[in-house]
Amino acid sequence: MLQDPANAKVVLIATGSEVDLAVRAAAELAGQGIAARVVSMPCTNVFDRQDAAYKAGVLPKGLPRVAIEAGVTDFWYKYVGLEGAVVGIDSFGESAPAGDLFKHFGFTVENVVAKVKAVLA
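Residues numbered from 1 in each chain as written. Predicted model: local features only at pLDDT ≥ 70, side-chain atom pairs only at ≥ 80, totals over all residues. Heavy atoms only, no water.

(A) Representation of the sheet that holds strand β1 (residues 10–14) within the structure. Judged by pairing direction, the sheet is parallel, and its 4 strands sit side by side in the order β2-β1-β3-β4 without closing on themselves. Both outer strands of the open sheet, β2 (36–40) and β4 (85–87), are each paired with one neighbouring strand and no more. Averaged over neighbouring strand pairs, the angle between their axes works out to 20° when direction is ignored. Judged from the 4 bridges that link them, β1 and strand β3 (residues 65–68) form a sheet pairing that is parallel. Looking at the pairing, A14 lines up with I68 of β3. Here helix α1 (residues 18–31) sits on the sheet and contacts β1, β2 and β3; the angle it forms with β1, its principal contact strand, is near 160°. (Pairing = 2+ DSSP bridges. Helix = DSSP H or I, 4+ residues; strand = E, 2+ residues; numbered from the N terminus. Axes fitted to C-alpha atoms, helices over the stretch in contact; angles between N-to-C directions. Contact = heavy atoms within 4.5 Å.)

Laid out in structure tokens, this is it:
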């Protein structure tokens, strides 16, 4: 875990370059009174091999979850559940500078904050 406030209301799960986005979104959420745990999950296979107590400690039951990954979203519902949300990419063929594509696909602090608020509602 990168950030683990005692009063966390949500878990943000991210991989690779999206970890920075999760940390920035957590800071914005904190400014709005919503504490967020930030989990870097660079390898789901390694996480899956851990014992149940470890996994429950990282992703506790009862805390809504939002995953952020520049990839297909379906896979992440294993970790966020049907009540959670995923910021990802489910369409292909777009061409533009990376910054424009990230904004187009919702890899922004504003979108992550909106997803968190939606799962908390």
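(B) The arrangement of the pattern of salt bridges in detail. Per the counting criterion, the structure on display carries 3 salt bridges. A salt bridge links R37 to D4; the nearest nitrogen and oxygen atoms lie 2.8 Å apart. Here D4 lies in the segment before β1 and R37 lies in strand β2, a separation of 33 residues in the sequence. Taking the relative accessible area as the measure of exposure, R37 reaches 9% and is therefore buried. For D4, a relative accessible area of 44% translates into the label partly exposed. Here R24 and D20 are joined by a salt bridge, their closest N and O atoms 2.9 Å apart. Of this pair, R24 and D20 both sit in helix α1, 4 residues apart, roughly one helical turn. Accessibility expressed as a relative area gives 42% for R24, which makes it partly exposed. (Salt bridge = Lys/Arg side-chain N within 4 Å of Asp/Glu carboxyl O. Buried < 20%, exposed > 50% of the residue type's maximum accessible area, 1.4 Å probe, protein only.)

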